[in-house]
Amino acid sequence: MNPRPRGQTIEQQRERFAALPLYRQLGLTLEDVRAGFARVVMETGPVTLGGIGGSVHGGLLAALVDIAMLEAVIPALAPSDEPAGTADLNITYMRPVHGTRAIAEATVLRKGKTLAVTEVTITDDAGRLCSKGRAIYVIRQRPAEMSP
């Protein structure tokens, strides 16, 4: 995924997000985004409901952790930062996601020059905590002559 250009409005960010074919297939919507925080919603349906007892498939919840994390990290990057990919991701499943939506809220806990550490909470449409994730994202520094 290409990082969002700096200076985009939230509506432009939502349009960019909505245009990605994988995100459309998974029924994802970028509900809120700002530097260090993002809320991504997954509408459930035939593509997502492959888990235990008709719940959202756990692998898709792990993907949701990664996607929400990226949306929180990218706007927090400094002009000299270059996105370099996910280094580590884990998820703890506490209850299945049933209902019409899975809501992921990602928060950047710490952003340094080389790593950003994030926490992602996934709840169902009734507000029940279903999963907690943590993701670490790698950041590289652009050479000074390449920084915008």
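Heads up: the structure comes first, above all this text.
Report follows, based on the coordinates. (Residues numbered from 1 in each chain as written. Predicted model: local features only at pLDDT ≥ 70, side-chain atom pairs only at ≥ 80, totals over all residues. Heavy atoms only, no water.)

1. Focus: the side chain of Ser-131
Defined as follows: Helix numbering and strand numbering both begin at the N terminus, where a helix is a DSSP run of H or I of at least 4 residues and a strand a DSSP run of E of at least 2. We call two residues in contact whenever any of their non-hydrogen atoms come within 4.5 Å of each other.
Note that Ser-131 resides in strand S6 (residues 129–141). Not counting residues up to four positions away in its chain, the partners in contact with Ser-131 are Leu-61, Ile-91, Thr-92, Tyr-93, Met-94, Val-120, Thr-121 and Ile-122.

2. Details of the nonpolar core
Generally speaking, a soluble globular protein has its nonpolar side chains buried in company with each other. Keep this limit in mind: Residue types Ala, Val, Leu, Ile, Met, Phe, Trp, Tyr and Cys, when buried and joined through side-chain atoms within 4.5 Å, form a set referred to as a nonpolar core. Any residue under 20% of the maximum accessible area for its type is buried, any over 50% is exposed, and the rest in between are partly exposed; the area is computed with a 1.4 Å probe on protein chains only.
If you look at the biggest cluster of nonpolar residues, it comprises 36 residues, and the most contacted ones within it are Leu-28, Leu-61, Leu-64, Val-120, Ile-122 and Tyr-137. Of all the elements in the fold, those that place two or more residues in this core are strand S1 (28–34), strand S2 (37–43), helix H3 (58–73), strand S4 (101–111), strand S5 (115–124) and S6. The element that contributes the greatest number of residues to this core is H3, accounting for 11 residues.

3. Here we look at the environment of Arg-95
Our working rule: Under the rule applied, a polar contact is a pair of N or O atoms within 3.5 Å (in protein, one hydrogen donor and one hydrogen acceptor; residues adjacent in sequence only if both atoms are side-chain atoms).
Tracing the backbone shows Arg-95 in the loop between strand S3 (81–93) and S4. Between the alpha carbons of Arg-95 and Cys-130 there is a distance of 4.7 Å; along the sequence they are 35 residues apart. Beyond its immediate stretch of four places on either side in the chain, Arg-95 contacts Arg-128, Leu-129 and Cys-130. From its side chain, Arg-95 meets the backbone oxygen of Leu-129 in a polar contact 3.5 Å long.

4. Re helix H1 (residues 10–18)
Rule in force here: Starting at the helix axis, one direction is taken to each C-beta atom, and the arc is that of these directions.
Of all the residues in H1, the buried ones are Gln-13, Arg-16 and Phe-17. Projected down its long axis, H1 shows its buried positions confined to an angular sector of 100°, all on one face. Contact partners of the buried residues in H1: helix H2 (21–25), S1, S2 and H3.

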